[in-house]
Amino acid sequence: MKNDNNINQYRRQFLSSVTGVAAGLTIAPGVLLNTVAHAKQADQPVSSKNRWGLLIDTSKCATGCNACVTACHKENGVSSTGRPATDAVWIRKVKLTDKVTGHVQSLPFMCQHCEKPPCVDVCPTNASMKRDDGVVLVDKHACIGCRYCMMACPYNARSFVHEPVTDQIYPRGQGTVESCTMCVHRIDDPEGPRNTACVDACNAEGHKAMWFGDLKDPSTEISQRLKQYGGEQIRADLGLNTGVRYQNLS
Amino acid sequence: MKTPRLTELEGRSPQFFLLMGVLLVLIAVGIYSALLMHGEGHIITGMTNRIVWGTPHVFAVFLIIAASGALNVASIASVFGRSIYKPLAPLSMVLSVTILVGGLAILILDLGRPEHLLDVPVTQFFFNTKPEQWSHSVFGWNMILYTGFMAIVIVYLWMTLVKRHNKYAKPIGVFAFVWRLALTTGTGLIFGFLVARPAYDAAILAPMFIVLSFVYGLAFFILVLIPAYSWTGRELGDAMINRLKKLLGIFVASALYFVIVLHLTSSYSAANASGIEQFILFGDNPYSSTFWIGQMLIGTLIPLGLTLLPGFKSRGALIVASIFVIIGGLSQMYVTIIGGQAYPMPMFPGKEVESIINDGGIAPYSASIYEILLGVGGVAIALFLAIFAMNVLRILPESLADKDVDPHYDPAKETAAA
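Not measured: the values here are computed from a predicted model. (Residues numbered from 1 in each chain as written. Chains lettered and ligands numbered in written order. Predicted model: local features only at pLDDT ≥ 70, side-chain atom pairs only at ≥ 80, totals over all residues. Heavy atoms only, no water.)

**So, the overall build of chain A**
Then, in step 1: When helices and strands are counted, chain A shows seven helices and nine strands.
Then, in step 2: A burial count over chain A gives 54% of its 250 residues as buried.
Then, in step 3: Once local pairs closer than 6 in sequence are excluded, the contacts in chain A between residues at least 24 apart make up 61%.
Then, in step 4: When the accessible surface of chain A is split by element, carbon and sulfur atoms take 53% of a total near 11700 Å². (Helix = DSSP H or I, 4+ residues; strand = E, 2+ residues; numbered from the N terminus. Buried < 20%, exposed > 50% of the residue type's maximum accessible area, 1.4 Å probe, protein only. Contact = heavy atoms within 4.5 Å. Areas by Shrake-Rupley, 256 points an atom, 1.4 Å probe, with all protein chains shown as cover.)

In structure tokens:
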């Protein structure tokens, strides 16, 4: 196990140096992406100076569109067996109908990346964890599959891997719990944080209902939109201070 | 009152080997079911991403609660000084350990990755010098409470059985009593701290679980004690039977009080804005019928009548009452654990919610045979170990005849009082 970890570490270091050199050689200084300014070297720890988050404008989210879901599951190698009750569902579309007015809304729903995540509090092995930059993750090697986090999550955001998994892109494991990682591999991209797969897909569809970015950086579009228009948390009464916010929800 | 001699059971009859054989088969089938669950995945169970704790948890939580309750007889003897129960204290201790082992076995075998358990929590609690990194998990605390309970009770048993250590039995008995209160509180808080789910978020669950433990543990104790005596030809007099019967009745009545307060509070308060009480109590679903028929009628009202009404004098009535209490206990765990998960969480008040995982609807669940076999296997582990212990340890009084238990016991007076 230790050897594997070392190999992984060398591989990561090698890959990051190769990509770093490649990026430096191919991208001219004048056209550096804005995000590279936030780039973090692979060997640097994540920092609480960042708080990664998502913003969703429900008024722009199209009923019936599933692009974010498809993109997320493709990106993360989460395949469906056609049994949604037991399939891993990292992100889902939720249709809301107001019981009084009949007003219909649609929104993508996933791990809300709470600042005070109940899943982390209840985990007996600290497999459920929150990074300093606000991303809530599960360490598959430490998860014993007790599902207490799923009992504690107020959002049904977590899935238990009920069946053997094949075609993994990122590590997954039968008998462990998983959920949206906010595309943490993109956040940790040596070239700088990139949009999550769901946000890219929403933009590609032309709906532009989702934003990803650093909530602590006032210059990001997500921060500016939140400052200008505000944003709601789902189950704000629980005081979890979620990293995922919604606009035009009520 | 003379102190009855404690001896081991003989356990050489064909019936004994048959019983142990049946229990071993049930254990093997339970373990095989768990192995299948780990090979094929939990897909072969009825559990889903909405009902994440299924029938194994119903059995496991029931047994864990019952385990601490099985220690009652020992606690009453040593902590509260009722010497009549003293001869039965060792059996009570042994049962509390074996029932806990059975419950924990289910819990561990139902984990998705039990092998990860070997290296993770130990490091969290024993080799971590940073208090801020200690687990906040009630589950984590319970791992300490459960293993600690077993260790303390085993020492308690040792102090009780070895004459020269008897003087330590009382203090460690008090310690075990306090520890078991913490253990059941911890088990109740596994649910009580789940703020997101309207069925659980209630501090009363912790004291309620303590009272439930008295009920389940005593019923289990009675169902082991009576056959152990009648099948081996040892005498078990009415003095003991009547006391146990009354005790069971009082415990069932106390549990009923807590159940009423829990549901009244939930019905009356804002917590019921989600409609959880209507769902559990008056819904057109298996949980409501299990509540009224399993938990209330079979598990509470009939045992209350059988134990407290004067008309039921036979020990058959006590056996039926104890079996019904156990059926009621499993029903109560089913309603609490599975019913509580089946009801949707209030994420979007005032809206109808539709999604691929049925966020807004009642989550369906039906137990698979593997779950039931794993649960039954856990019960079999508890019984097998208890019977084995009774055969190798001198823990059973040779006689619990009236003259040995209570020389002043007068059946006529008992009848008149009734």
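**Points about the sheet that holds strand β9 (residues 244–247) of chain A**
All names here are of chain A.
Then, in step 1: Strand order in this open sheet of three strands is β8-β1-β9, and the pairing throughout is mixed. Of all strands in the sheet, those bounded by a partner on one side alone are β8 (210–214) and β9. The mean angle between the axes of side-by-side strands here comes to 20°, regardless of whether they run parallel or antiparallel.
Then, in step 2: Sheet topology note: the strand β1 (residues 52–57)/β9 ladder contains four bridges and is parallel. By the bridge assignment for β9, L55 is matched with R245. (Pairing = 2+ DSSP bridges. Axes fitted to C-alpha atoms, helices over the stretch in contact; angles between N-to-C directions.)

**Overview of the interface of chain B and chain A**
Then, in step 1: Listed per partner, the contact involves 54 residues of chain B and 54 residues of chain A.
Then, in step 2: Considering only the side of chain B, the residues that lose the most area to chain A are N49, F348 and K351 of chain B, jointly responsible for 16% of the buried surface there.
Then, in step 3: Taking the shortest distance from any N to any O, the salt bridge between D110 of chain B and R147 of chain A comes out at 2.8 Å.
Then, in step 4: Along the contact surface separating chain B from chain A lie 26 residue pairs in polar contact (both at pLDDT 80 or more).
Then, in step 5: Contributing elements (two or more residues each) for the side of chain B that touches chain A: α1 (14–40), α5 (120–125), α6 (138–161), α7 (169–192) and β3 (351–355) of chain B.
Then, in step 6: Here strand β2 (residues 91–98) of chain A pairs with β3 of chain B via five bridges, running antiparallel. What sits directly across from L96 of chain A, in β3 of chain B, is V353 of chain B. (Buried area = accessible area lost by both parts, 1.4 Å probe. Salt bridge = Lys/Arg side-chain N within 4 Å of Asp/Glu carboxyl O. Polar contact = N/O pair within 3.5 Å; in protein donor to acceptor, adjacent residues only side chain to side chain.)

**Topic: the nonpolar core**
Then, in step 1: Residues Y148 of chain A together with F191 and M333 of chain B are the most contacted members of the largest nonpolar core, which totals 195 residues.
Then, in step 2: Per-element accounting of this core gives the leading share, 20 residues, to helix α8 (residues 205–230) of chain B.
Then, in step 3: Apart from residues lying up to four places away in sequence, Y148 of chain A is in contact with V122 of chain A together with W53, S137, V138, F139, L189, I190 and L194 of chain B.
Then, in step 4: Of all hydrophobic cores here, the second largest spans six residues; its members include C65, C183, A197 and A201 of chain A. (Core = buried A, V, L, I, M, F, W, Y, C linked by side-chain atoms within 4.5 Å.)

**Re the state of the cysteines**
All names here are of chain A.
Then, in step 1: Enumeration according to the criterion identifies zero disulfides over all chains in this entry.
Then, in step 2: Take C119: it sits in no disulfide, and the sulfur closest to it among the cysteines is that of C111, at 6.2 Å.
Then, in step 3: The structure places no disulfide on C149, whose sulfur is separated from the nearest cysteine sulfur, that of C143, by 6.3 Å. (Disulfide = S-S within 2.5 Å.)

**Topic: the sheet that holds β2 of chain A**
Then, in step 1: Overall, antiparallel pairing links the three strands, which are arranged β3(A)-β2(A)-β3(B) in an open sheet. Of all strands in the sheet, those bounded by a partner on one side alone are β3 (104–110) of chain A together with β3 of chain B. Pairwise comparison of adjacent strand axes, ignoring direction, gives a mean angle of 30° for this sheet.
Then, in step 2: The pairing of β2 of chain A with β3 of chain A spans seven bridges and is antiparallel. The partner of K93 of chain A across the bridge, within β3 of chain A, is P108 of chain A.
Then, in step 3: Against the sheet, helix α2 (residues 67–75) of chain A engages β2 and β3 of chain A, with an angle of about 160° to β2 of chain A.

**Some points on the packing of helix α4 (residues 89–109) of chain B against α6 of chain B**
Residue and element names in this part refer to chain B.
Then, in step 1: Axis separation between α4 and α6 bottoms out at 9 Å; the angle between their running directions is 155°. Taken together, the axes of α4 and α6 are roughly antiparallel relative to one another. The hand of the α4/α6 crossing is left-handed. On the side of α4, the interface is formed by P90, M93, V94, S96, V97, L100, V101 and L104, while α6 contributes Y146, F149, M150, V153, I154, Y156, L157, T160 and L161.
Then, in step 2: Along the lines of polarity and charge, the residues of the contact of α4 with α6 split into 15 nonpolar, two polar and no charged. (Parallel < 35°, antiparallel > 145°, perpendicular 65-115°, else oblique. Left-handed = near helix turned anticlockwise from the far one by under 90°. Nonpolar A, V, L, I, M, F, W, Y, C, P; charged D, E, K, R; others polar.)

**Section: the environment of A204 of chain A**
Then, in step 1: Within the secondary structure, A204 of chain A is located in helix α6 (residues 197–204).
Then, in step 2: Through-space distance from the C-alpha of A204 of chain A to that of A67 of chain A is 8.9 Å; in sequence the pair is 137 residues apart.

**Digging into a nonpolar patch on the surface**
Residue and element names in this part refer to chain B.
Then, in step 1: Together, F282, W292, I293, L297 and L301 give the surface a local cluster of nonpolar side chains, amounting to about 530 Å² of exposed area.
Then, in step 2: In terms of residue count, the dominant contributor to the nonpolar patch is helix α11 (residues 286–308) (four residues).
Then, in step 3: Its place among the elements puts F282 in helix α10 (residues 276–282).
Then, in step 4: Note on F282: relative accessible area 62%, which makes it exposed. (Patch = residues over 30% accessible without salt bridge, like charges linked within 9 Å, V, L, I, M, F, W, Y side chains within 5 Å.)

**Examining the pattern of salt bridges**
Pairing is possible between side chains of opposite charge, provided their charged atoms come close.
Then, in step 1: What the rule picks out here adds up to 14 salt bridges over all chains.
Then, in step 2: Among the salt bridges present, the one from D359 of chain B reaches R92 of chain A, with a minimum N-O distance of 2.6 Å. One end of the pair, D359 of chain B, is in the loop between β3 and α13 (369–392); the other, R92 of chain A, is in strand β2, on a second chain. A single burial state applies to D359 of chain B and to R92 of chain A, both of which are buried.
Then, in step 3: The partner of R186 of chain A in a salt bridge is D200 of chain A, and the shortest N-O contact between them spans 2.8 Å. You can see R186 of chain A sitting in helix α5 (residues 184–187) and its partner D200 of chain A sitting in helix α6, a full 14 residues away along the chain.
Then, in step 4: What makes R186 of chain A buried here is its relative accessible area of 8%.

**Side note on unusual backbone geometry**
Then, in step 1: In this structure, N241 of chain A is a non-glycine residue whose phi angle is positive, near 50°.
Then, in step 2: Looking at the element boundaries, N241 of chain A is found in the loop between α7 (221–229) and β9.

**Let's talk about the side chain of S179 of chain A**
Then, in step 1: Residue placement: S179 of chain A occurs in the loop between β7 (177–178) and α5.
Then, in step 2: Setting aside anything within four residues of it in sequence, one finds S179 of chain A in contact with W90, C111, A157 and R158 of chain A.

**Section: the environment of E354 of chain B**
Then, in step 1: Here E354 of chain B lies in strand β3.
Then, in step 2: For E354 of chain B, a relative accessible area of 41% gives the class partly exposed.
Then, in step 3: Those residues within four positions of E354 of chain B in sequence are excluded, and the remaining contacts are K93, V94, K95 and T97 of chain A.

**Description of the packing of helix α2 (residues 55–70) of chain B against α8 of chain B**
Residue and element names in this part refer to chain B.
Then, in step 1: The geometry of α2 relative to α8 is characterised by a closest axis approach of 6 Å and an angle of 80° between their N-to-C directions. Classified by the angle their axes make, α2 and α8 are roughly perpendicular. Residue-level contacts link V61, F62, L63, I65, A66, S68, G69 and A70 of α2 to F209, L212, S213, F214, Y216, G217, L218, F220 and F221 of α8.
Then, in step 2: Across the contact of α2 with α8, the residue classes tally to 13 nonpolar, four polar and no charged.

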